[in-house]
Amino acid sequence: MNEIWKNRRSSYQKMLLKYLRYVFNDHFVIALLFLFGAFGLSYSNFLKSLSGSENMWWAQPAVILFLLFILHTNQIATFLQEPDKVFLLPQEHQIRGYLKSSWSYSTLVALTVQVACYLLLTPFLLFAAKMSGLNIILLALTQLVLTVNRTESQITALFLPQKRSAKFEAVYSWLLPAVVLIVSVYLPTYIGAIIAILMLVIISEHDRKQLPGAIFDWRYAIDQEAARLARLYRFFNMFTDVRTVTPKPKRRLYLDRFLPQYSTDSEGFFKYLFWRAFVRSGEYSNLYLRLTLLCFIILFFIHNFWGALLIAAVFIYLLGFQLMPIFVVYDEIVFMHTYPINIQKKFIAFSKVLFSLLFVSAMLFFVPIAIQGPGLVKVLSALTLLVAESILIARIYSKTRLSKMS
Amino acid sequence: MALEVNNLVGGYSSISVLKDISFKVPSNSLVGLIGLNGAGKSTTINHIIGLLKPMKGSIVLNGVSLQEDAGSYKEKIAYIPEIPVLYEELTLKEHIELTMMAYQLDKKVAWEKADRYLKIFRLDNKLDWFPINFSKGMKQKVMIVCALLPDVDLLLVDEPFLGLDPLATRDLLNLLDEEKRAGTAILMSTHVLTTAQEVCDSFVMIDEGQMLASGTLSDLQAQSNQPKSSLSDIYLNMTDK
């Protein structure tokens, strides 16, 4: 089992390295350097602007929220795979040793991430929250203890089903850490540290009593790992093609009323399929919502009319590009070839669906641009340009792009 | 004569898997396509449903071939695949509705039919389920229900008995019989020879892509000089295995 774990870790790291090469390609590295520089500069300017002001009531809640958020960025890596529940079943008695390795590895990664984020926060703690050096170290200690506690409870959840309930999650991984952080920030910091350590000791003592009789839940563990990898792949997918990980479809019943209904022409047939694929497969709708929302928010902060328009245009292109695969989503299904449907209508249906989606985004992007009041002429030309781009992408660009794909 | 396959040569790439296959599937009959794993049963079916193009020979269904008029050819066939394939994002109900849309069926009439099949296969309370929650047998039942909805001339059934429980197998056979009586030509590939012997009207035996024999059980018994032998014995003798 130890051998298996080592092999899997090294192939996992190889996989990360392979994809990171794509993520940090030349252009992106240059862009990142600029972004990082810009971030550093504005962060220091921001802190300087704060140093004069007295009323800093919001600094503490901001610290608490930030720490609570980064606490949840980590997840244990077990490297378990679907066939394991068959092939590794005879080795089940050794699974605890295997998980011990995976716990130490995951904890180490988690602690590193916490330290890195915490270092970023330190200037803010000094100048905005006005904490002393000692308290900053104590708060860091508290955060690290909370991190260890979290990875531990993720491992024990693989054995103890009660730890997976939403209620448990809410209390033990959100409420309690929040309380600890609030205490650390508002009361003398060492109290928070003591509570965190006590919490760790009590919970692990409690678990130690329950664990010996508990049964390892293969299915849950495998699902968790698959979900973790899926998140990772989805991130990499923004930069390069990743072997597809299909998330489970969700019904989203409340959206049913907007979906196309029964229709006997082939265009209706394809629209019926494409809309359902978009809405219910987590892949496309999540991506669409995230990108649209991100751009929508960014646009509120860009006060240069042409800059904002350019960003909106780039995002519409990105959206169109990312939604292209919907066209081929069901091509593997034999009935797409045996049903008496008019295949010519497939592209027409697809481009209408794509246009509707791009049009909604374009309208949303138009709002922040218009609100900044660049004048009627500019507002109208922005509107025309964005809609024209949506039409171009949905009707013409997609045609050439899809013919390359298939 | 509903389906006529004449001198079919075909396969997946330039290498031909099927070598000169010819047989007929008359209306009102259930023909068994018999062969071992890898004999070429699924390849034959893939040619008939149009996934593969014949290299030589022709496939004609009631005077229409796929090459001449794909639209009206496809309207006349329905297919139950060996491995169930479903749309991950569609519920059971939507699978049925989609089939109705594809074949342009009258919604009301088709739903009456569908409800009956769903009850037979005990799927009527699972209309809102996603494929991910179905067992293999259930998925196969969905395939059957969808394939039986349209009124077709030819029904292709690829290895239907694996994964179905005895009750579902019986119900499927009853429904196939019903379709047959209504005029449909049915081609069913299988290597479950005991069941095939009971339910099929005639047989097409293939091995390594070649026709071994075809005809009713008594034809085959006469051809192989083995009167009273079972289908399984005849087949194994013919393949020398």
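Residues numbered from 1 in each chain as written. Chains lettered and ligands numbered in written order. Predicted model: local features only at pLDDT ≥ 70, side-chain atom pairs only at ≥ 80, totals over all residues.

K.L.:
Can you walk me through the overall build of chain A in this structure?
P.N.:
Check the secondary structure of chain A and you find 15 helices and 0 strands. By its C-alpha atoms, chain A is 65 × 65 × 40 Å across when sized along the principal axes. Residue burial in chain A is summarised as follows: out of 406 residues, 26% are buried. Across chain A, every contact between residues at least 6 apart in sequence was considered, and the portion connecting residues at least 24 apart equals 81%. (Helix = DSSP H or I, 4+ residues; strand = E, 2+ residues; numbered from the N terminus. Buried ≥ 20, exposed ≤ 12 C-beta atoms within 10 Å, placed from the backbone. Contact = placed C-beta atoms within 7 Å.)

K.L.:
Can you walk me through the domain arrangement of chain A in this structure?
P.N.:
As a measure of interface size, the accessible area lost when the parts come together is often cited. You can read the domains of chain A as domain 1 (2-231) and domain 2 (253-405). Domain 1 of chain A and domain 2 of chain A are separated by 36 Å when their C-alpha centres are compared. (Domains from an automatic or database assignment.)

K.L.:
I'm lost on the pairing of strand E6 (residues 77-80) of chain B in this one. Help?
P.N.:
The side chains of a regular strand alternate between both faces of the sheet. Residues and elements named next belong to chain B. Alternating positions in E6 separate into two faces, Ile77 and Tyr79 on one and Ala78 and Ile80 on the other, with burial throughout. Looking at chain direction, E6 and strand E7 (residues 154-158) are connected through 4 bridges and run parallel. Across the sheet, Ile80 pairs through a bridge with Val157, a residue of E7. (Pairing = 2+ DSSP bridges.)

K.L.:
Explain the interface of chain B and chain A to me, please; I cannot follow it from the model alone.
P.N.:
Each partner contributes residues to the interface: chain B has 24 residues there, and chain A has 22 residues. Those elements that provide at least two residues to the side of chain B that touches chain A are helix H2 (70-75), E6 and helix H3 (92-102) of chain B. Sort the elements by how many residues they give to the side of chain B that touches chain A and H3 of chain B lands first, with 5 residues. When its residues are assigned to classes, the side of chain B that touches chain A shows 14 nonpolar, 3 polar and 7 charged. (Nonpolar A, V, L, I, M, F, W, Y, C, P; charged D, E, K, R; others polar.)

K.L.:
Is there a simple way to explain the domain arrangement of chain B in this structure?
P.N.:
All names here are of chain B. What the domain assignment reports for chain B is domain 1 (3-76 + 152-239) and domain 2 (87-151). Look at where the C-alpha atoms of domain 1 and domain 2 centre, and you get two points 25 Å apart. Domain 1 puts 11 residues into the contact, and the matching count from domain 2 is 12 residues. Per-element tally for the side of domain 1 that touches domain 2: the top contributor is helix H6 (residues 166-181), with 5 residues. Per-class residue counts for the side of domain 1 that touches domain 2 are 6 nonpolar, 1 polar and 4 charged.

K.L.:
Could you clarify how one ought to interpret the UniProt feature "transmembrane region" (unreviewed entry) in chain A in this entry?
P.N.:
Residues and elements named next belong to chain A. Here the UniProt feature "transmembrane region" (unreviewed entry) sits at residues 20-42, 62-81, 102-129, 174-203, 287-306, 312-335, 347-371 and 377-397. End C-alpha atoms of residues 174-203 are separated by 15 Å, and the span's content is 93% helix alongside 0% strand. The straight-line gap between the two end C-alpha atoms of residues 377-397 is 28 Å; of that span, 100% is helix and 0% is strand. (UniProt positions renumbered as here; feature names shortened; annotations may be inferred.)

K.L.:
Is there a simple way to explain the sheet that holds strand E1 (residues 3-10) of chain B in this structure?
P.N.:
Remark on secondary structure: sheet strands pair via backbone hydrogen bonds, oriented parallel or antiparallel. Residues and elements named next belong to chain B. Reading across from one edge, E2-E1-E4-E5 is the order of the 4 strands in this open sheet, with antiparallel pairing throughout. Each edge of the sheet is formed by a strand with only one pairing partner; in this case those strands are strand E2 (18-25) and strand E5 (64-65). Strand direction decides the pairing type here: E1 and strand E4 (residues 56-61), joined by 5 bridges, are antiparallel. Residue pairing for E4: Asn6 is matched across the bridge by Ser58.

K.L.:
Sorry if this is basic, but what is going on with the sheet that holds E6 of chain B here?
P.N.:
All names here are of chain B. Pairing is mixed in the open sheet, where 6 strands are placed in the order E6-E7-E8-E3-E9-E10. The sheet is open, and its two borders are formed by E6 and strand E10 (210-215), each paired with just one other strand. Adjacent strand axes in the sheet meet at a mean angle of 15°, parallel and antiparallel pairs treated alike. Seen against the sheet, helix H5 (residues 136-148) touches E6 and E7 and runs at an angle of roughly 175° to E6. (Axes fitted to C-alpha atoms, helices over the stretch in contact; angles between N-to-C directions.)

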